[in-house]
Structures are given as structure tokens and as C-alpha cells.
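# Fold and contact review
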Amino acid sequence: MGDLEAVAGIAAHYVLNSVATFAETPQTVAEWRERLDDLERRGLPFLVAEVDGEVAGYAYTGPWRPKPAYRYTVEDTIYLAPGHLGKGLGTALLGELVERAAKAGMRQMIAVIADAAGDGSVALHRRFGFVEAGRLDGVGHKHGQWIGTILMQRALGDGTGE
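Described in the following lines is the structure provided in the data block. Since the model is a prediction, treat every value here as computed from it, not as a measurement.

Counted by the stated rule, this structure contains six salt bridges. A salt bridge links E99 to K103, with the nearest nitrogen and oxygen atoms 3.2 Å apart. Pair noted here: E99 and K103 are both in helix α3 (residues 89-103), with a separation of four residues, about one helical turn.

Written out as C-alpha cells, the structure is:
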């Protein structure tokens, strides 16, 4: 995927300038390549949104937890380039992620949203049927502040677990 340099740049912006991600060191393009290869091996979606030939955002689903029993549950990740917020790209990316993850046989999707920076993300996920499943207070420390997370969950396909 030739867009990984731009993806790495978008991710680095959030790593260095926000608490939206708990990562503290930006990943290299090579590390992004490893992630993409792993997701492809698992049959999980990795999407890139382009506007006028420029990478404007990305989204993917990855394993929720490493233990085998969680293999049908994924966590979604969506980031948009500065200047491309509020234009419907997040909606388009999340809609496609939900559809593709269900087609890949996933049963549940989890969103982990930083409570200090997540109002827009919470609203986006609610529009797609995610419900709040819990909160974890003060579990991250970044840029001199303690940050909690909001956990949201959505069934995919049948998704009932029965």
C-alpha cells in the first residue's frame, strides 16, 4: 500500500499533539507495513480515504485481545487528517469497517475512546449502533494528564454469541 507514509504522518500528528491515542511514539512506515501485513493475514479491513488525490484519513479493525477466545471480536481505529474533520469521512470509514468486519466473520466490534478528546467519536459510534459498555477512569497518562476511556460495543451480523 503506497499510502502508508501518509497514514504514518496522520497517526504521528495525533500521537504527538493529542490524547486521542495513548501511543507516545509515532510508528515508522515499516511498522505500519507490519501492521497492515498482520491485518491482511487475519482477513481484517484496513481502509484509506482520499480526497482530491490526498490521503485524508484511515481506518482499520484489529484484534480486541490476543487470547484465542476473542478471535471474533475486533477493535476499530479511525483517524482523519487535520483539515478533513466534519466532512463525513469518519462516517464513511466506520460504515465500511462495520460492513467488512461482519463479512470477515467478526461478531463484535469494540471502540476504545479517550474521554478527554472523544465527544465526536462517541457521537459517530452511536450513529452506528454502538452502545456504551463501560468506562475506565484514569488508565492512561499522556501530556501531563490522566485520561480515562469510554468503551463502546456493537454486534456485527448475528453477533449474539449464542
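This part is about the sheet that holds strand β1 (residues 46-51). Spatial strand order, β1-β2-β3-β4-β6-β5: six strands in an open sheet with mixed pairing. Taken across any chain shown, the strands that pair with only one partner, and hence form the sheet edges, are β1 and β5 (131-142). Averaged over all neighbouring strand pairs, the angle between strand axes comes to 25 degrees, with direction disregarded. Across the sheet, helix α2 (residues 29-42) touches β1 and β2 (54-63), and the angle it forms with β2 is around 55 degrees. Packing against the sheet, α3 makes contact with β1, β2, β3 (73-80), β4 (108-114) and β6 (145-155), and its axis sits at approximately 160 degrees to β3.

Taking 1.5 Å as the rise per residue, α3 with 15 residues should run 21 Å; its terminal C-alpha atoms sit 21 Å apart, in good agreement. Among the residues making up α3, those that are buried are L89, G90, L93, L94, L97, V98 and A101. Looking down the long axis of α3, one finds its buried residues gathered within 160 degrees of arc, a one-sided arrangement. Packed against the buried residues of α3 are β1, β2, β3, β4, α4 (119-127) and β6. Positive backbone phi, approximately 90 degrees, marks G105, located one or two places after α3.

Definitions and limits used
Residues numbered from 1 in each chain as written. Predicted model: local features only at pLDDT ≥ 70, side-chain atom pairs only at ≥ 80, totals over all residues. Heavy atoms only, no water. Salt bridge = Lys/Arg side-chain N within 4 Å of Asp/Glu carboxyl O. Helix = DSSP H or I, 4+ residues; strand = E, 2+ residues; numbered from the N terminus. Pairing = 2+ DSSP bridges. Axes fitted to C-alpha atoms, helices over the stretch in contact; angles between N-to-C directions. Contact = heavy atoms within 4.5 Å. Expected span 1.5 Å × (residues − 1). Buried < 20%, exposed > 50% of the residue type's maximum accessible area, 1.4 Å probe, protein only. Arc of directions from axis to C-beta.

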